[in-house]
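Per-entry structural report
Listed here are the chains, written in short residue letters.
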Amino acid sequence: MGANAQGGRMKLLGAVLLAASLLGTAARGEQSPWPDEPSRTCFFQMLSGVDGEFCRGDLEVIYPELGDVSCTYIPKCHQYRRRISREWGSPRVRYPQAEKSKKYVLVLVDPDAPSRANPRNRFWRHWLVTDIPGADLRTGDVKGLVLTDYVRPTPPPRSGYHRYQLCLYEQPAHETIALSPEERVSLGAWAMESFVEQFRLGSPVASTQFLTKYYED
C-alpha cells in the first residue's frame, strides 16, 4: 500500500474516532466543551460551582422534547432556546418527595434582570402558584391558586446567561397567601425575601435552576 493511501486511511479513522467521541458526550449530564455550538447533536451541560449548589432536593422541571432541565444550560441546538422563550408553555414540575397531605408554594424568578452583571430588577417574577396539593406535585401536575401566570424566560439580547430559579416551599397550614396590590402591578424588582418572610414559608424544601440566554446570541 502506498504512503498516500495509508495516510488517507489514518485520517479517515481519526475522523471516525472524533465523531464517536463527540456523540458520546451528548448524554445528559456530561460536560460539553462547546455549549453554544450549533450542531445536529445536542450537548447538555450541567451547572457547576455556585450555580450547581443552588440545585437541592431533586426538583424536576420538564419541558417538551428537552425533558428535565434542572441544573442545566438550555442548549442552542434544535432552536431550544427560542422555543423555550417563544413557544412552550409552563413546564411540568415534579417533586417525588412531596407529602400527599400537604400543600406547597412554587416560585419561578429571574434574579438576573436585566443582566447578571446589573441585576437592578431582581427578582423578576415569572410564575407563582400556591395551594399545590402534594399528590399533584408527585406526578408533575402543578394545580393550585395561580397568583402570577407563567411568563416564558425571555433574556434580553446581549445580556448573557440568565438564571431561572424555581423554589418550592411547604405552605403553612391554614395560611392564605396573596400578593399586595403593588406586587400585582409589576413583575420586576419583586421583594421575594419579604414575601417569604411575611407568609412564614421558611427555607425551600427543594430548589433548582436552569440557565439560558437570548436565542440569537
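Bear in mind that the values here come from a model prediction, so they are computed numbers and not experimental data.

1. Description of the pairing of strand β1 (residues 60-63)
Where β1 lies against strand β3 (residues 92-94), 3 bridges are found, and the strand directions are antiparallel. Within β3, the residue paired with V61 across the bridge is V93.

2. What to know about the state of the cysteines
Going through the model one piece at a time under the given rule, you end up with 2 disulfides. Two residues, C42 and C77, share a disulfide whose sulfurs are 1.9 Å apart. One quick way to see it: the torsion about the S-S bond of C42 and C77 is about 120 degrees, and its sign makes the bridge right-handed. A residue pair is termed long-range when its members are at least 10 positions apart, and C42 in the loop between α1 (3-24) and α2 (49-53) and C77 in the loop between β2 (67-68) and α3 (80-86) qualify at 35 residues. C42 sits in the buried class, given a relative accessible area of 10%. Two residues share a disulfide in this structure: C55 and C71, whose sulfurs sit 2.3 Å from each other. An S-S torsion of about 100 degrees defines the bridge between C55 and C71 as right-handed. In this pair, C55 is assigned in the loop between α2 and β1 and C71 in the loop between β2 and α3, connecting sequence segments 16 residues apart. C55 gets classed as partly exposed once you look at its relative accessible area, which sits at 21%. Judged by relative accessible area, which is 11%, C71 ranks as buried. Among the cysteines of the protein chain that take part in disulfides, numbered as they appear in the sequence, the pairing is 1-4, 2-3.

3. Let's talk about the packing of aromatic side chains
The geometry of an aromatic ring pair comes down to the distance between the two centres and the angle between the two planes. Taken as a whole and judged by the stated rule, the model has 10 aromatic pairs. Between the aromatic rings of Y73 and Y161, the centroid separation amounts to 5.0 Å while the plane-to-plane angle is 70 degrees, which identifies the pairing as edge-to-face. Placement of Y73 in the loop between β2 and α3 and of Y161 in the loop between β6 (145-148) and β7 (162-170) is noted, with a sequence separation of 88 residues between them. An aromatic cluster is built from Y63, Y80, W88, Y164 and F210, whose rings are joined through pairwise contacts. When the ring centre of F123 is taken as reference, the NZ or CZ atom of R122 above it lies at 4.8 Å. In this structure, R125 is placed above the aromatic ring of W190, and the distance from its NZ or CZ to the ring centre is 5.1 Å.

4. Here we look at the side chain of R125
Along the chain, R125 falls in strand β5 (residues 124-133). Within the buried set, R125 has no salt-bridge partner at all; the shortest N-O distance to an opposite charge, 5.6 Å, is to E183. Apart from residues lying up to four places away in sequence, R125 is in contact with L108, V109, T148, L179, E183, R184, S186, L187 and W190.

Basis of the calculations
For every chain, the first residue of the written sequence is number 1, and numbering continues from 1 onward in sequence order. Residue-level local features of this predicted model are given only where pLDDT is at least 70; pairs of side-chain atoms are given and counted only at 80 or more, and the full residue set underlies all totals for whole chains, interfaces and linings. The side-chain numbers reported here are obtained from all heavy atoms of the structure, hydrogens and water having been left aside. For two strands to be treated as a pair, DSSP must find at least two bridges joining them. Every helix listed is a DSSP run of H or I at least four residues long, and every strand listed is a run of E at least two residues long, numbered separately from the N terminus. Cysteine sulfur atoms that come within 2.5 Å of each other are treated as a disulfide pair. A simple rule labels every residue: compare its accessible area, found with a 1.4 Å probe on the protein chains alone, to the largest value its type can have, and call it buried under 20%, exposed over 50%, or partly exposed in between. To pair, rings of Phe, Tyr and Trp, with the six-membered ring standing in for Trp, must have centres within 6.5 Å; the planes then decide the type, stacked if under 30 degrees apart, edge-to-face if over 60, and tilted in the middle. By definition, being over a ring means that NZ of Lys or CZ of Arg is both within 6 Å of the ring centre and within 35 degrees of the ring normal. A residue counts as positive if it is Lys or Arg and as negative if it is Asp or Glu; His and the chain ends are not included. A carboxyl oxygen of Asp or Glu within 4 Å of a side-chain nitrogen of Lys or Arg is what we treat as a salt bridge. The contact criterion used is simple: two residues touch if any of their non-hydrogen atoms lie within 4.5 Å.

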